Amino acid sequence: MNKKWKWIIISISLLAIACGGGYSYVSTQEKAVPSYTLGKVEKGNISLHIDATGTIEPINSVDLSANVSGTLEKVYVKQNEKVTVGQKLATIQSKALNSTREEAQNTLENKESYYNRLTQLYKQDAISYQALDNARLEYLNAKAAYDKAQAEVNDTVIISPLDGTVIGEPMKAGETVSQGLASQMLIMTVADLSSMQIQLLVDETDIGGVTAGQRVEFTVDAYPGKVFHGLVRNVSKKKYSGSSSAASSVIYYTVYVTINTDELEGLYPSMTARATIIGKENKDSLLVPVTAIRTDASGSYVYKSVGKELNKVYVKTGITTDQKVEILKGLSEGDEIVVSGTIANEIDTKSDNKRQRRP
């Protein structure tokens, strides 16, 4: 019995060793299977697109305020009414200014008359030149005072500085207006709606790709699916200093886009525009999918198919979009490369780390 049990134990031990060895052998043979897709380097056009959001505004717009204090006597226009340059828009009643002008006018007439009398006397050698010169100075001072008083009275008449449209509801007759920066009130706004622009806010990481003359496509919420067009007119070199929380954490610059005049119909000031700036554009460039580009410490590279092998080739890239990458150096048209998937020599290390070994 002892021998019999001894052989049973030995047999079981050998069987366990055999099974363990077999498990180890199978496990060490397990490797990830390479799975990739090949494609060819092609030629085509590529352009850099920059997305930005902004507000539609008239290029020429003037906020009209009072240069004198008083009461609005009359308002001659309504909102959306078209006006012409020089047209009277409103008048301000100011009794104090009218009184000051009349006083200045009376003084001027008196000093002018006195100066003319002394001029005649001087010609007759009846007075000295000094007396005549004093009278002339008094006359000139009186004329300056009258001109100032007249200018202030002229400021009681609000005149349109341009051909345009009244934007928004003007102040009403009977309301009080005041001069001065602290209390100045907006009487009305006149804007030329025949030329409109978008003030786009572009992130500092993209502003380097924006220059005057670039094409712009944009949409507005009022007309879903409709695409409008324009051109970049100017790029501000001063950072945008808005009050929003987004603007405080990210640097933006204002890009001014002139909207095509034949597409202005239906566009209103202050509409939000979602725009795409068509940036740098290259034609007949070598292009590969974004998924084909891999990177390491030495730079960007692709896997090029040569015969039955895949060779690692470093490349110099240019314009990059969401789907394509421009290849400036390293490949030729028609080269077959890996455009996606897993490469064997990249997964060997992973497989080694995942192998299970038993003693």
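These numbers were taken from a predicted model, which means no experiment stands behind them. (Residues numbered from 1 in each chain as written. Predicted model: local features only at pLDDT ≥ 70, side-chain atom pairs only at ≥ 80, totals over all residues. Heavy atoms only, no water.)

Draft legend 1. Just the overall build of the chain, in detail. Looking only at helices and strands, one finds five helices and 19 strands in the chain. Counting only residues that meet the buried cut, the chain has 31% of its 359 residues in that class. When contacts within the chain are restricted to residue pairs at least 6 apart in sequence, long-range pairs at least 24 apart make up 76% of them. Carbon and sulfur atoms form 50% of the exposed surface of the chain, whose accessible area is close to 22600 Å². (Helix = DSSP H or I, 4+ residues; strand = E, 2+ residues; numbered from the N terminus. Buried < 20%, exposed > 50% of the residue type's maximum accessible area, 1.4 Å probe, protein only. Contact = heavy atoms within 4.5 Å. Areas by Shrake-Rupley, 256 points an atom, 1.4 Å probe, with all protein chains shown as cover.)

Draft legend 2. Main features of the nonpolar core. Core analysis: the largest hydrophobic core is formed by 24 residues, its most contacted members being Ile56, Phe218, Val255 and Ile277. If you list the elements that add at least two residues to this core, you get strand E2 (42–65), strand E9 (186–203), strand E10 (215–220), strand E11 (228–239), strand E12 (252–259) and strand E13 (272–289). The leading source of residues in this core is E9, at four residues. (Core = buried A, V, L, I, M, F, W, Y, C linked by side-chain atoms within 4.5 Å.)

Draft legend 3. Looking closely at the sheet that holds strand E8 (residues 176–177). Spatially, E6-E5-E3-E8 is the arrangement adopted by the four strands of the open sheet, whose pairing is antiparallel. Every other strand in the sheet has two partners, leaving strand E6 (157–159) and E8 as the edge strands with one partner each. Pairing geometry for strand E3 (residues 70–75) and strand E5 (residues 88–93), over four bridges, is antiparallel. Paired with Val75 across the bridge in E5 is Ala90. (Pairing = 2+ DSSP bridges.)

Draft legend 4. Looking closely at the confidence of the model for the chain. The predicted model of the chain averages 85 in pLDDT, with 83% of residues at 70 or higher. At the level of individual helices and strands, the chain shows its lowest average pLDDT in helix H1 (residues 2–29), which scores 47, and its highest in E10, which scores 97. Long-range and interchain partners of residues 347–359, a stretch whose pLDDT sits below 50, account for 14 contacts in this model, where long-range means more than four residues apart. (pLDDT = per-residue confidence, 0-100.)

Draft legend 5. Structural view of the pairing of E9. When E2 meets E9, the two strands line up antiparallel, connected through twelve bridges. Within E9, the residue paired with Asn60 across the bridge is Asp192. As defined by bridge partners, strand E7 (residues 164–167) adjoins E9 across three bridges and the pair is classed as antiparallel. Bridged to Ile167 within E9 is Thr189. Direction of pairing for E9 relative to E12: antiparallel, over a ladder of seven bridges. Among the inter-strand pairings, Val202 is bridged to a residue of E12, identified as Tyr253.

Draft legend 6. Spotlight on the environment of Gln105. You can see Gln105 is positioned in helix H2 (residues 95–123). Distance from Gln105 to Ala145, taken between C-alpha atoms, is 8.6 Å for residues 40 residues apart in sequence.

Draft legend 7. A look at H2. With 29 residues, H2 should reach 42 Å at 1.5 Å per residue; the first-to-last C-alpha distance of 42 Å fits that figure. When we look at burial in H2, the residues that qualify are Leu97, Ala104, Leu108, Leu118 and Thr119. Buried residues in H2 make contact with helix H3 (129–154). Positive phi shows up at Asp125, right after H2, with a value of about 60°. (Expected span 1.5 Å × (residues − 1).)

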